[in-house]
Amino acid sequence: MSLLLRVAVASAAHDIVPAWPLDSFIAVNPLAGSESLPFESAQSLGALTRHRTDYVADRKRGRILLTDLEAAVRLRIPELTGTVTIGGSTLPAARLAALELEQDQSHATAAGPRAPTLSRLDEITSRWVAAYLAPDSPWPMPHKDRGLYPAWRTLIGHDPSLAPGERRRLRGLPEDPDAGLAWALEQLGVEADDVQRVLARELHQLPGWASHIKWRAEKVGDIDLTSFLAVRFGTRHALQIPPSLDSTPHEHNPAAELRGRAELLAGHLVVENVTPADTSTVSRVLAAHPTRDHLFTWQLAYELNYRRRLLSSLSTEPAPTERPQIQVVMCIDPRSEGARRHLETASTIETFGFAGFFGVPIRFVRHSGKGAINSLPALLTPRHTVTEAPHDHATATRRVAAARRRDAVHAALHAGESGTATSFAFAETAGWFYGLTSVLRTFAPGLLARIREAQLADNALESSVTVADAFTLEERAVLAEASLRMMGMARFGQLVVLAGHGSDSRNNLYQSALDCGACGGNPGAANARAAALIFNDAGVRELLDARGIRIPNDTVFVAAEHNTVTDAITLLDTHSLPASHRALADDFIRQQIPAADRLVRERARDLPGASPRHSATRLRRRAHDWAEVYPELGLAGNAAMIIGPRELTRGVDLSRRVFLHSYLPELDPDGTGLETILTAPVVVAQWINHQYYFSSINPDLHGAGTKTVHNAIGTIGVITGQGGDLRRGLPWQSVGVGTALLHEPLRLAVIVQAPLDTIGQIISRNQVLRDLFDNEWITITARGRTTDPWMQYTRYGWHTAPLPPAEGAQQ
């Protein structure tokens, strides 16, 4: 393979965003490869906005105001901030453009490619890749250990889906995948100048497989895109399907279009005697706002309306001065917002928001577990392994032996039900047992759950995690100091609850998408346990004291886990609590239970098939119902991230739509903590936001479609039906119900209370932030103090936030 062809493969894959496997789902922006370009330039990769009819419907119901449209026009086209005279009346120029949006009778649809239709070539390629990558397949692919291309090259001559003549065309295949790709391109007559474009187009024909292979090439190394392309083009040659190139876009007459638009709007504004001067004036205004920009202006108006309402809702109440009895630190995840709001109805509780891995990046291994999980954000690389250590080793050994016997039985049962010769006999002999289990799952999921919980309770062991072995004392102190400064914790209650979160559902291939994104798509309990040990460590506290952070002796940290389906918060490692704090822990549990009930009923307003009138028990039963496709709504609705003191949001109902990161500039004088927040939690929140955004905007191309027809390829992903591309993004049940959206697709609005100079310097020295903010993938609004006005960051500096006036100012 020539160096030029290697470069062509790498360039063709630039826009392909790596996709994590399903068992550790990590949200990503499917268009992340274009973040170095303005948001609107990514249109060739998929629709970027909703259809015009959706925005018009929002305009009619008051979700978008005329003032929102005018503000959006001024923000997008600064030269339209002045006024013009039409028919003797003086009007803001932006209003003309806004009125045209309202008058437009077209049914403009969001431009961009749709999901490609599967061809025979796609189906054959997908089948081979799935056979190679499927883990734990009952019939492993022969020669798999040699790699995808060598195995395929050896076996393709026996593929019955190819005609004899098609198989004969592959007799000259080179042994090496690099040479195989070059050979296939030559056989297909692809010119050297077209190679990169042809390769890129081919990768976008099966974007799901291409994305996962790109991830796997980086993290596992058993496959790469060159092998994939060699198989793809080899099959294309066998089928005699020449590759196609993009067609030239259709040209239209912009001058004639502009004249028609101006005459139409001028006729609306001036009822009688429209003069050529009026038409000319309107024409000059509309020329600055071509029709290709209209949907982006609608989208911005839609976002400005939400941002105005959000900022106006923020509190200006001063911080309480009394020492709280209990403090609860929860993940920045929007689902924690509701839990925090309801917990704080108790005056003794104060809450904080912080990344759900609590600043402790670990690879976690359960006691005698078979593997490890990376319990840390995908931006980080695990360097410390923490294991679970039981306190009673004799009991633990007996239970591990029992668990292994159960695993052996399960493995034998699985072999029996999946074997070619044994499956029917197995069904005849053991089917009654499975039938009984299915009846319980279907008609009494709550009872089955209680049986399981009783079994787990019997097998529960007191244990701890080996954080002191994994990190030195100095490393633990550094982690603790960084966490406290980043979350702005300046005072400490008697009991500090560190609550990670996880989700609980049955028969749900996307369960990891509901777990903690800050913990690599895993529950955050392990990190919370490790962090609690670090903060309770006397040596760590001594070092923190020397660095100006004094944790009182009567402050005890305890780990917990928030179940986002039931909203129960369970304290962990309570055996380590001193007797002096057990009553306080019991008090927290007593206050948490009614708070969780209120939140479950609040969420029932939005959950399909649920009602606030249902009992909390019935609503929580969704976690155990194997037929429930909406156990919870995950992060649907996420729209903003607020970084600042809790006083900004305490008591404000943010409808579980906002990532909340606590922060106090006073504890972070050099801005190091803020820089970490902006370059890590904000980036992760942006991934999540764009995953939901594009899964909503373009569910066929960037979403995974409905769960009801998914088939799993082991633990790596799903396909729709029997074959085809690996589905990317979120299933429809994460963003919509029926044909309607549950999720409002809004680009993330980051709101910060911190010195503007510090924020500006952080953005200027971090390319990832410049790309996101300068290119308008997300926005940032900030103010230095509560009394300052909100300012909007632009690529040209800070400007007064161009927020439209409220309802009363509408024309």
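Residues numbered from 1 in each chain as written. Predicted model: local features only at pLDDT ≥ 70, side-chain atom pairs only at ≥ 80, totals over all residues. Heavy atoms only, no water.

Asker: I would appreciate a short explanation of the overall build of the protein chain in the present structure.
Answerer: Looking only at helices and strands, the protein chain features 31 helices and 21 strands. The C-alpha atoms of the protein chain give a radius of gyration of 29 Å, which matches the 28 Å a tight globule of 811 residues would have. For the protein chain, the computed accessible surface area is about 35700 Å², with 54% contributed by carbon and sulfur atoms. Averaged over its 82 positive side-chain charges, the protein chain has a centre that lies 4 Å from the centre of its 87 negative ones. (Helix = DSSP H or I, 4+ residues; strand = E, 2+ residues; numbered from the N terminus. Rg over C-alpha atoms; globule rule 2.2 N^0.38 Å. Areas by Shrake-Rupley, 256 points an atom, 1.4 Å probe, with all protein chains shown as cover. Lys, Arg positive; Asp, Glu negative; His and termini not counted. Charge placed at Lys NZ, Arg CZ, Asp CG, Glu CD.)

Asker: Would you explain unusual backbone geometry in this entry?
Answerer: Leaving glycine aside, a negative phi is the common case for residues, and trans is the common case for peptide bonds. With a phi close to 55°, Asn 507 is a non-glycine residue in the positive phi region. By secondary structure assignment, the location of Asn 507 is in the loop between strand 9 (495–502) and helix 21 (511–514). Although it is not a glycine, Glu 776 adopts a positive phi angle of roughly 65°. Looking at the element boundaries, Glu 776 is found in the loop between helix 31 (767–774) and strand 19 (779–783).

Asker: For this particular structure, what's the right way to read helix 11 (residues 225–239)?
Answerer: Owing to its 3.6 residues per turn, the α-helix brings residues three or four apart onto one side. Counted at 1.5 Å a residue, the expected span for helix 11 with its 15 residues is 21 Å, and the 21 Å between its end C-alpha atoms agrees. Counting buried positions along helix 11 gives 15 out of 15 residues, so the element sits mostly inside the fold. The N-terminus of helix 11 is capped by Asp 224, whose side-chain oxygen sits 3.2 Å from the backbone nitrogen of Thr 226. Immediately beyond the C-terminal end of helix 11, within one or two residues, lies Gln 240, with a positive phi of roughly 60°. (Expected span 1.5 Å × (residues − 1). Buried < 20%, exposed > 50% of the residue type's maximum accessible area, 1.4 Å probe, protein only. Polar contact = N/O pair within 3.5 Å; in protein donor to acceptor, adjacent residues only side chain to side chain.)

Asker: How should the packing of helix 15 (residues 334–343) against helix 24 (residues 579–604) be read in this particular structure?
Answerer: Put simply, helix 15 and helix 24 touch, their axes get as near as 9 Å, and they point 125° apart. Put simply, helix 15 runs oblique to helix 24. Crossing of helix 15 over helix 24 shows right-handed handedness. When helix 15 is examined against helix 24, the residues Gly 338, Ala 339, Arg 341, His 342 and Leu 343 are found in contact with a partner set consisting of Phe 588, Gln 592, Ala 595, Arg 598, Leu 599 and Glu 602. Taken together, the residues that form the contact of helix 15 with helix 24 break down as five nonpolar, three polar and three charged. (Axes fitted to C-alpha atoms, helices over the stretch in contact; angles between N-to-C directions. Parallel < 35°, antiparallel > 145°, perpendicular 65-115°, else oblique. Left-handed = near helix turned anticlockwise from the far one by under 90°. Contact = heavy atoms within 4.5 Å. Nonpolar A, V, L, I, M, F, W, Y, C, P; charged D, E, K, R; others polar.)

Asker: What am I meant to see in the packing of aromatic side chains here?
Answerer: Within this structure, the stated rule accounts for 12 aromatic pairs. Ring geometry for Tyr 55 versus Trp 298: centroids 6.0 Å apart, planes at 10°, classification stacked. Of this pair, Tyr 55 sits in helix 2 (residues 52–60) while Trp 298 sits in helix 14 (residues 294–313), placing them 243 residues apart in sequence. Neither Tyr 55 nor Trp 298 differs from the other in exposure class; each is buried. Between the aromatic rings of Tyr 693 and Phe 694, the centroid separation amounts to 5.0 Å while the plane-to-plane angle is 75°, which identifies the pairing as edge-to-face. (Phe/Tyr/Trp six-rings, centres within 6.5 Å; stacked < 30°, edge-to-face > 60°.)

Asker: I keep staring at the pattern of salt bridges and nothing clicks. Help me out?
Answerer: Evaluation of the coordinates by the stated rule reveals 43 salt bridges. Each of Glu 337, Arg 341, Glu 602, Asp 606, Asp 653 and Arg 656 takes part in one network of salt bridges that share partners. (Salt bridge = Lys/Arg side-chain N within 4 Å of Asp/Glu carboxyl O.)

Asker: Just to check I follow, could you spell out helix 22 (residues 525–536) for this structure?
Answerer: End to end, helix 22 covers 17 Å across 12 residues, agreeing with the expected 16 Å (1.5 Å per residue, within 8%). Helix 22 sits mainly inside the fold: 10 of its 12 residues count as buried. All of the buried residues along helix 22 are Ala 525, Ala 526, Asn 527, Ala 528, Arg 529, Ala 530, Ala 531, Ala 532, Ile 534 and Phe 535.

Asker: Where do I start with the packing of helix 2 against helix 14 in this structure?
Answerer: Packed helices, taken two at a time, are described by their axes: the angle between them and the distance between them. Axis separation between helix 2 and helix 14 bottoms out at 10 Å; the angle between their running directions is 40°. Like other packed secondary-structure pairs, helix 2 and helix 14 cross with a definite hand, here left-handed. Each of Arg 52, Tyr 55, Val 56, Asp 58 and Arg 59 in helix 2 lies in contact with helix 14, whose residues at this interface are Leu 295, Trp 298, Gln 299 and Tyr 302. Taken together, the residues of the contact of helix 2 with helix 14 sort by class into five nonpolar, one polar and three charged.

Asker: Sorry, what's going on with the side chain of Glu 35 here?
Answerer: Here Glu 35 shows up in the loop between helix 1 (3–12) and helix 2. Here Glu 35 sits buried without a salt bridge, and the closest side chain of opposite charge, Arg 747, lies 12 Å off (N-O distance). Within the structure, the side chain of Glu 35 is placed 2.9 Å from the side chain of Asn 29, a separation counted as a polar contact. A distance of 2.9 Å separates polar atoms of two side chains, one belonging to Glu 35 and the other to Gln 686. Excluding its chain neighbours within four sequence positions, the residues that come into contact with Glu 35 are Asn 29, Gln 686, Asp 771, Leu 772, Asn 775 and Trp 777.

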